[in-house]
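Residue-level listing of the chains:
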Amino acid sequence: MAIDTGATTSTHDHITLTLDMERLVQERVDELVQERLKSLVTESVATAMKKDPAKNKVAIIASKGTLDMAYPPLILASAAAAMGEDVEIFFTFYGLNIVKKGGAKHLKVAPIANPAMPVPMPNIVGMLPGMTPMATWMMKSQYFAKHNVASLEDLLQECVDLGVKLIACQMTMDVFGMKADDLIDGVEVGGAATFINFANEAHTTLFI
Amino acid sequence: MATTYQVDKLVDAKGQSCPMPVVMLAKAFKDLTPGQILAISATDPGSKPDVRAWADKTGNTLLEMVEEQGVFTFYLQKA
């Protein structure tokens, strides 16, 4: 490209030079804008992620009514609440027994069809009368007590103290003939939509 | 080696199993003001990763963890 050196330069050259410079400037501007945009988008996405309320929400469904299956929802809920998260547990089907007045205390371990018992029990023995209370007693006194595992009642209380929202499933309460009065204090009654509404905004959703 | 900290609150979670050390820690931490230091001792080996995770999630600072004869003592500062 010829540079303007005076009288010898034609008008045509001037135009080419101007167009060329415009193109260069345009290219450079595009490059810079792209770079800047990229970092702006990255920054705002990071800020949005940090503020994302779903990061601090945990939705749990407790659907089982045995001693061993009642622990995980309560342990995870109390731990999450201790970490400052909004936690909701939806108790449905047999899980309702966890929040029934006096229910948590009486949950049992099933020795039958349970090959994972610490002391393996053949099904034919497990089916005998008295074996379920015995397996439960063994689990509580020989295993949990030795390791000072909190009782389900204590964990429930911790959940309440830490602000975990406990919701009992209306439909299954009706099926089992349970009334709101049959539930421990602080339990609300709700339906599937109540849970979904909360779970939709929670990154952590567990079905237990 | 343990640094000496001006501890504002002591929590004894020795003998407690998961999730109680973290639950006790969270409850005790509520009463602290920013900058104050809490020391919690626990024997549950799971409290090692758990207290770290708790501090990470809540934004408080785990200053140090001292292990002595099966007892873990965590020094945490309120953010």
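So, a few notes on the structure that sits alongside this text. Position labels on residues start from 1 in each chain and follow its written sequence. Written order determines the labels here, with chains lettered from A and ligands numbered from 1. Per-residue local features are limited, in this predicted model, to residues with pLDDT of at least 70; the limit for side-chain atom pairs, both in listing and counting, is 80 or more; totals at the level of whole chains, interfaces and linings are taken over all residues. Only heavy atoms go into the side-chain values, all of them from the structure, while hydrogens and water stay out.

A cis amide bond, omega 5 degrees, links Cys18 of chain B with the succeeding residue Pro19 of chain B. By definition, any uninterrupted DSSP run of H or I lasting at least four residues is a helix, any uninterrupted run of E lasting at least two residues is a strand, and each is numbered from the N terminus. Here Pro19 of chain B shows up in the loop between β1 (9-13) and α1 (20-29). Residues other than glycine seldom take positive phi values, yet Phe93 of chain A does so here, at roughly 45 degrees. With respect to the helices and strands, Phe93 of chain A occurs in the loop between β2 (86-91) and α3 (96-99).

On to the pattern of salt bridges, then. All names here are of chain B. The working definition used for a salt bridge is a side-chain nitrogen of Lys or Arg within 4 Å of a carboxyl oxygen of Asp or Glu. Enumeration according to the criterion identifies ten salt bridges over all chains in this entry. Note that Lys9 is salt-bridged to Asp31, the shortest N-O span being 3.0 Å. Here Lys9, found in strand β1, pairs with Asp31, found in the loop between α1 and β2 (37-42); they are 22 residues apart in sequence, far enough to count as distant. Residue Asp31 is classed as exposed on the basis of its relative accessible area of 58%. Between Asp12 and Lys14 there is a salt bridge, with the nearest N and O atoms lying 3.3 Å from each other. Burial here depends on accessible area, computed with a 1.4 Å probe over protein chains only, as a share of the maximum for the residue type. Under 20% is buried, over 50% is exposed, and the range in between is partly exposed.

For the rest of this paragraph, the subject is the environment of Asp56 of chain B. The topology assignment puts Asp56 of chain B in helix α2 (residues 47-58). Sequence spacing of Asp56 of chain B and Leu32 of chain B is 24 residues, and the spatial spacing of their C-alpha atoms is 18 Å.

A few words now on empty space enclosed by the protein. All names here are of chain B. Put plainly, a pocket is an open set of points on a 1 Å grid over the protein atoms alone with protein on both sides within 12 Å along at least five of seven lines, a cavity is a set where a 1.4 Å probe fits but cannot get out, and a lining residue has an atom within 4 Å of a point. Grid points are joined across faces, edges and corners, and a volume is the space filled by probe spheres set on the points. Throughout the structure, instances matching the rule amount to one cavity of 30 Å³ or more. Around the largest cavity sit Cys18, Pro19, Pro21, Val22, Asp44, Gly46, Ser47 and Asp50, which together line it. The set of elements that each furnish at least two residues to the lining of the largest cavity consists of α1 and α2.

Let's shift gears to the interface of chain A and chain B. Contact definition: two residues touch when any of their heavy atoms are within 4.5 Å. Taken together, the contact between chain A and chain B spans 16 residues of the former and 15 residues of the latter. Together, the buried faces of chain A and chain B total about 1200 Å²; carbon and sulfur atoms form 62% of this surface. For the chain A face of the interface with chain B, the top three residues by lost area are Ala82, Met83 and Asn148 of chain A, together amounting to 40%. Taken together, the connections running from chain A to chain B amount to three salt bridges. Two residues, Lys57 of chain B and Glu85 of chain A, come together in a salt bridge whose shortest N-O distance is 3.2 Å. Throughout this description, a polar contact denotes any pair of N or O atoms lying within 3.5 Å of each other; where both atoms belong to protein, one of them has to be capable of donating a hydrogen while the other can accept it, and for residues adjacent in sequence the pair is counted only when both atoms sit in side chains. Seen at the junction of chain A and chain B, the total is eight residue pairs in polar contact (both at pLDDT 80 or more). Of all the secondary structure elements, the ones that give two or more residues to the side of chain A that touches chain B are α2 (67-82) and α6 (152-161) of chain A. Sort the elements by how many residues they give to the side of chain A that touches chain B and α2 of chain A lands first, with four residues. Here the side of chain A that touches chain B is built from residues that sort into eight nonpolar, four polar and four charged. For any pair of parts, buried area is found by adding up, for both, the accessible area (1.4 Å probe) each one loses once the two are put together. In this classification, Asp, Glu, Lys and Arg are treated as charged, Ala, Val, Leu, Ile, Met, Phe, Trp, Tyr, Cys and Pro as nonpolar, and every other residue, Gly included, as polar.

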